[in-house]
Amino acid sequence: MLTLSSLRTRWAALLGSFVAVALGVGVMTAMGLGLAATLDPPARTPERFGFAPVVVAGQDRLTVEVRRGPGTARVSQKLAYPHPVDKLLVAELRALGQVTTDAAGRGPAGPDAVGVDAPVGEVRALVGDRARVLTGDARRQVDPSYERDAQALVAVNSLLGTAGGVTTFVSVFVTASTFAFVVALRRREFGLLRMAGATPGQVRRMLLGEALAVGLMASSAGCALGAWGAPVLVRELVDGGIAPTWFAVPDAVVWPYHVAFWTGVSVALAGAWAAARRAGRIGPVEALREASVDTGVLPLSRRVIGAALLAGGLGLLAWKVGTDPADLLKRKTYTTQPMLLVTAAAALAPLLVRPVVRLVGAGLPGATGLLIRENAATSVRRTAAVAAPVLVTVALAGSLLGAAGTVTEAKGAEARARTRADFVVTGEGLPAGVGKVPGATVAGSAATAVYTVEERSALVRSEARAVTDVPAFAAVSRLPVVAGDVRDLDDRSIVVNEEWERHGVGDRVRVWLGDGRPVRLRIVAVLARGTGDNGAYVTAANAGGALVDRVEARVDGGADRAGVAAALERTTAGTGATVRPAGEWLAANRPGTKAHTRLGFLVVLGIALVYAAISLAGTLLMATSARGAELRSLRLAGATRGQVRGVVVGEALVAVLVGVMLGAVVTAVNLAGVTGALGMLSAPVGVAVPWGVAGACVGACGLVAVVAAGGAVGRR
């Protein structure tokens, strides 16, 4: 009864928590339904050989045996150049039934797949392990869209999983902050309850009961919101080219609703748990105390937790830089890495509020400035509660987009540094004649891959390029060599980077080429690890069937640049190749953040900004409503209504600036970790700060604070 009565009278104070949990559950429901669609995509009819009951396709995977624990296991990687169905096998298949081929996958050694109208048992017996036999839905594996759709589903899965995880983090953060501030405002109420005979356990149970009721109602509303929003989300993913055109919300899937609902209830209870423990410790004397200065705002337990999180975040960052710097450049790492430091900064914020407020408010003039500065410094709980959501928003905007931009800039600088070419020709299967242009040094190369077993337990694929003329390639390129000499590359050797398990010059490594052939090659040069784009290099003999797709040309001293460009145009005429100056080619192929990654970051920042607005508005409305006596005293002292509003709005803006400064510190630490990792990897180091997005987030938070604080004063 006490809990229900409290809910009826305190509904306005709990509205912010209700909206935060409902929004979080809604987002998680929509994300969960999207994930369900990626995990169980609808069955689709084969396109290329849909009329044939059996499809025979060339082997497209390399399978080797590796150690797994005390035994062994067979692991696979997709080949860069799958095998064709050889002509002899096609002739044998014709004896079983009608064989259909098409022009899509026809090559000099045979087609990549054929359709066979024959009993599947007879086909399997004939083919054996010479090729793959596909039936039913598996026939889609030879469709042109199969790989593209599979990659798109992985991208969607990653995007939704990341956004759902950050949503959970932010919702717990905002809900916990809101409940903590509600408890701080109700100290006298809890003191009166204790004076009336309520035990600490009863006070805790009342608060947890309120949280449970809020969680149940908000989670129910959130599930309904998510059911409405999931089709909208899916449509945006499809329209944005991130998801396949056939991607849709699955029917009769209930697990996303259960996960989101019970997560929402758990978030509400988790957010109220710490506040309930603190409320239970409030004594009866609190009902008699009237003070405007916050005391005991940072209990020992919170200090220990905050210090542990700070030490853990900084220690993990330093450990990663020292032991595995490449991991810090991965999207999943720099997306989750800021969470520890954000939580630590929020936990220790009350300890930092006073010195930061003194710094921020030092230049505020007059009596109004003095009131703003002193009120913000003494009302630590209120200032910290307003600063917390701003801290999260600024830290996420700066850390996520800053890390992504920094890594992208480093990749672009690496690409520019790797070539001395004046012109670059690109196209499929470039003619041999393009390699002989008067007045220029020309080197062709082809994209391929090599595979190696590392630590005897993992089959690792490394992207590689196969060069046709080693001396010419050495002249037009500027690879980041740390040992050996690229000019020593021949048909029995390889160039690797420092990421390889064995990377000593002169070492022999067993590798599988792009078509699956095993060879042993000698390492003649080692490249810096860099951002991960410094791949391996082999000669054309070890290309595994790759065709030249890029030619780099460097104009010799004294030669006519325009004449070289014209010669390149003539030799590639009619081939569909493109001749561009190197700078233009680099700009067109500049590494950038993938579309699904950018959308994921925007979703995360959008969620954080909405939560910040909810928390800011709710906190300021609650805080201002509890300051009636204080504001009336200001009016009695001669302050006009405008001056009172100026003080309240000024305090809100100072609190926002505190959050901005703490968020900027978290961003600086995270970006320092990324730049340190780049330095350890011998990659170009530079910092890309997303000033525009961060400024927009700060402006939005400031606007919400002004409107909420000014509106609350206007109601009094």
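In case you missed it, the structure is sitting above this.
Quick caveat: nothing in here was measured; it's all calculated off a predicted structure.

### Quick word on the side chain of threonine 675
Note on placement: threonine 675 falls in helix H20 (residues 641-680). With relative accessibility at 16%, the residue threonine 675 sits in the buried group. From its side chain, threonine 675 meets the backbone oxygen of alanine 672 in a polar contact 2.9 Å long. Sequence-distant contacts of threonine 675, that is, excluding residues within four places in its chain, are made with Thr406, Val685, Gly686 and Val687.

### What to know about the nonpolar core
In terms of nonpolar packing, the biggest core is built from 77 residues, with Leu160, Val170, Leu237, Phe247 and Leu396 touching the most fellow members. Apart from residues lying up to four places away in sequence, leucine 237 is in contact with Val156, Leu159, Leu160, Ile242, Ala243, Phe247 and Leu599. Counting 17 residues, the second-largest nonpolar core is a separate cluster that includes Ala446, Val450, Val509 and Leu521.

### So, helix H14 (residues 380-417)
Taking 1.5 Å per residue, 38 residues should reach 56 Å; H14 reaches 51 Å between its end C-alpha atoms and fits that length. In terms of residue burial, H14 counts as a mostly covered element, since 35 of its 38 residues are buried.

### Thoughts on the sheet that holds strand E7 (residues 113-117)
The strand order E4-E7-E1-E8 describes an open sheet built from four strands, whose pairing is antiparallel. With one partner strand each, in any of the chains shown, strand E4 (98-100) and strand E8 (132-135) form the two edges of the open sheet. Each adjacent strand pair in this sheet contributes to an overall mean axis angle of 30°, direction not counted. Pairing of strand E1 (residues 54-57) with E8, which is carried by four bridges, proceeds in the antiparallel orientation. Each residue of the ladder has a partner; that of valine 54, found in E8, is threonine 135. Where helix H4 (residues 120-127) meets the sheet, its contacts fall on E1, E7 and E8, and the angle it forms with E8 comes to roughly 165°.

### Here's the deal with the pairing of strand E10 (residues 440-454)
Sheet faces and side chains relate simply in a regular strand, where the side chains alternate between the two faces. Across the 15 residues that make up E10, a large majority, 12, are buried. Both E10 and strand E17 (residues 550-555) contribute to a ladder of six bridges, which runs antiparallel. Counterpart to threonine 441 in the pairing with E17 is arginine 554. The turn joining E10 and strand E11 (residues 458-467), which pair antiparallel and follow one another in sequence, is formed by three residues; a positive phi near 55° is taken by glutamate 455.

The rules behind each value
Residues numbered from 1 in each chain as written. Predicted model: local features only at pLDDT ≥ 70, side-chain atom pairs only at ≥ 80, totals over all residues. Heavy atoms only, no water. Helix = DSSP H or I, 4+ residues; strand = E, 2+ residues; numbered from the N terminus. Buried < 20%, exposed > 50% of the residue type's maximum accessible area, 1.4 Å probe, protein only. Polar contact = N/O pair within 3.5 Å; in protein donor to acceptor, adjacent residues only side chain to side chain. Contact = heavy atoms within 4.5 Å. Core = buried A, V, L, I, M, F, W, Y, C linked by side-chain atoms within 4.5 Å. Expected span 1.5 Å × (residues − 1). Pairing = 2+ DSSP bridges. Axes fitted to C-alpha atoms, helices over the stretch in contact; angles between N-to-C directions.

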